[in-house]
Amino acid sequence: MLKEAFQKKLDEAVSQGLLTYQKDKPLSSCSTFRIGGPVSFAVYPLCEQGVIETVNAAHFARVPLRVVGSGSNILFPDEGFEGAILFTRNLCRVSFDGTIIRAGAGIALSALALEAAKKGLSGLEFAYGIPGSLGGGVYMNAGAYDHELAEVVVESRYYDVTHKGLGYFRENEHEFSYRHSVYKNQDDLIVLAVRMDLKEDDPEAIKARMDDYMQRRRAKQPLEYPSAGSAFKRYPGYFTAKLIDEVGLKGVSVGGAAVSEKHAGFVINKGDATASEVKELMALIEQRIFEKYGIHIEREIIYF
Ligand SMILES: Cc1cc2nc3c(=O)[nH]c(=O)nc-3n(C[C@H](O)[C@H](O)[C@H](O)COP(=O)(O)OP(=O)(O)OC[C@H]3O[C@@H](n4cnc5c(N)ncnc54)[C@H](O)[C@@H]3O)c2cc1C
């Protein structure tokens, strides 16, 4: 009944050209891990008003609502999700004003880095090859090769689901730190758009740095298997991948989930892994490292 009311509201928004949606969409097709059961409603707003309509419809029909970018840092549950997931991928407009870029939260980080490079703007090279969206990147403060989004983000605009209104975070208000931002403390905020300040540089030099980072990724990371990137965060003073190797877990599997032989920091899906197998393997890694080194490593992958 509630779901019917939700669907009716969605249909109205579809007829106004604000969004599209799919029912019972397998979440395995929405995540780089290729794991997860169906979500009742996968909603794809086509503009910011589409986001607002989705939130209103979910409130009205009391349907649980979550937001996902590219699904590259998430482990979805085997049983799926009874509710709605708002996917930001169509919020991907980009505009330039001198060294300032404003982009929708759904744009892929790699596409954004390429756009910036073409304009001769430097600062996003590190993000080339991170398979996430800009919104997910701001949420996580995505980073690589000693750089992170915190260095370039000057403002983000969000929709506050609880108070039903738009808001902004500027500069330090983002509370960026290693794989952390203010958005991690407030799960009722949907990042809509982000303003970044970059530096002018030669487009070819920028592209050369991007290609170098991409080559290093291909050489070191098990990109031939589905995964959600580094399974754990760095522990101060340690390389997590080295710790995992030293406790003898490199290559070890639980069902279809395995610690990559190529990079022990990655838990990969060898083809038919379930979320529970991934969780079991992750727990084993945490336990072995605690037993040997007395430290609690923290998950980077988000359990949805
Ligand atoms: C092969 C591989 C390599 C990777 N390499 C790196 C790397 O070098 N550096 C790095 O930092 N990460 C890396 N990652 C992890 C991942 O790509 C990043 O964390 C990325 O920023 C996640 O973005 P996403 O859009 O996929 O977020 P999702 O996985 O979709 O979501 C992650 C979290 O962000 C929230 N979220 C997403 N969009 C929004 C929004 N618009 N508003 C509010 N909340 C939102 C979600 O609710 C969820 O809690 C890698 C992953 C893979 C698979």
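Everything that follows concerns the structure shown earlier in this document.
Report follows, based on the coordinates. No experiment lies behind these values; they were computed from the predicted model shown.

**Points about the packing of helix α3 (residues 109–118) against helix α5 (residues 203–220)**
What describes two packed helices is the angle between their axes and the distance between those same axes.
Right, so step 1: Remark: α3 packs on α5, axes separated minimally by 8 Å, with the N-to-C direction vectors making an angle of 155°. The orientation of α3 with respect to α5, classified from their angle, is roughly antiparallel. Along its contact with α3, which presents A113, L114, A117 and K118, the element α5 presents P203, I206, K207 and M210.
Right, so step 2: For the contact of α3 with α5, the residue count by class is six nonpolar, no polar and two charged.

**Examining the packing of aromatic side chains**
Right, so step 1: Within the structure shown, the criterion is met by 11 aromatic pairs.
Right, so step 2: Measuring from centroid to centroid gives 4.6 Å for Y145 and Y213, while their planes differ by 5°, and the two rings are stacked. In this pair, Y145 is assigned in the loop between β9 (143–144) and β10 (147–148) and Y213 in helix α5, connecting sequence segments 68 residues apart.
Right, so step 3: Taking the relative accessible area as the measure of exposure, Y145 reaches 25% and is therefore partly exposed.
Right, so step 4: Members of the aromatic cluster, connected to one another through ring pairs, are F6, Y21 and F41.
Right, so step 5: Against the face of F81 rests R66, its NZ or CZ located 5.9 Å from the ring centre.
Right, so step 6: In this structure, R170 is placed above the aromatic ring of Y168, and the distance from its NZ or CZ to the ring centre is 4.9 Å.

**What to know about the site of the ligand**
Right, so step 1: Within the structure, the ligand sits among 34 residues, and V67, G69, S72, S133 and G143 are positioned closest to it.
Right, so step 2: One nitrogen or oxygen atom from the main chain of G136 is found 3.4 Å from a nitrogen atom belonging to the ligand.
Right, so step 3: Breaking the shell around the ligand down by element, the ones donating at least two residues are β3 (65–68), α4 (134–140), β9, β13 (189–197) and β15 (227–230).
Right, so step 4: The greatest single-element share of the shell around the ligand, amounting to five residues, is contributed by α4.

**Observations concerning the pairing of strand β7 (residues 100–104)**
Right, so step 1: Note: strand β6 (residues 94–97) against β7, four bridges, orientation antiparallel. When the bridges of β7 are listed, V94 appears paired with A103.
Right, so step 2: Joining the antiparallel neighbours β6 and β7 is a turn of two residues, in which G98 adopts a positive phi near 65°.
Right, so step 3: Of the strand pairs in this sheet, β7 and β13 are connected by five bridges, and their pairing is antiparallel. Bridge pairing in β13 places G104 opposite A193.

How each quantity is defined
Residues numbered from 1 in each chain as written. Predicted model: local features only at pLDDT ≥ 70, side-chain atom pairs only at ≥ 80, totals over all residues. Heavy atoms only, no water. Axes fitted to C-alpha atoms, helices over the stretch in contact; angles between N-to-C directions. Helix = DSSP H or I, 4+ residues; strand = E, 2+ residues; numbered from the N terminus. Parallel < 35°, antiparallel > 145°, perpendicular 65-115°, else oblique. Contact = heavy atoms within 4.5 Å. Nonpolar A, V, L, I, M, F, W, Y, C, P; charged D, E, K, R; others polar. Phe/Tyr/Trp six-rings, centres within 6.5 Å; stacked < 30°, edge-to-face > 60°. Buried < 20%, exposed > 50% of the residue type's maximum accessible area, 1.4 Å probe, protein only. Lys NZ or Arg CZ within 6 Å of the ring centre and 35° of its normal. Near = heavy atom within 4 Å. Polar contact = N/O pair within 3.5 Å; in protein donor to acceptor, adjacent residues only side chain to side chain. Pairing = 2+ DSSP bridges.

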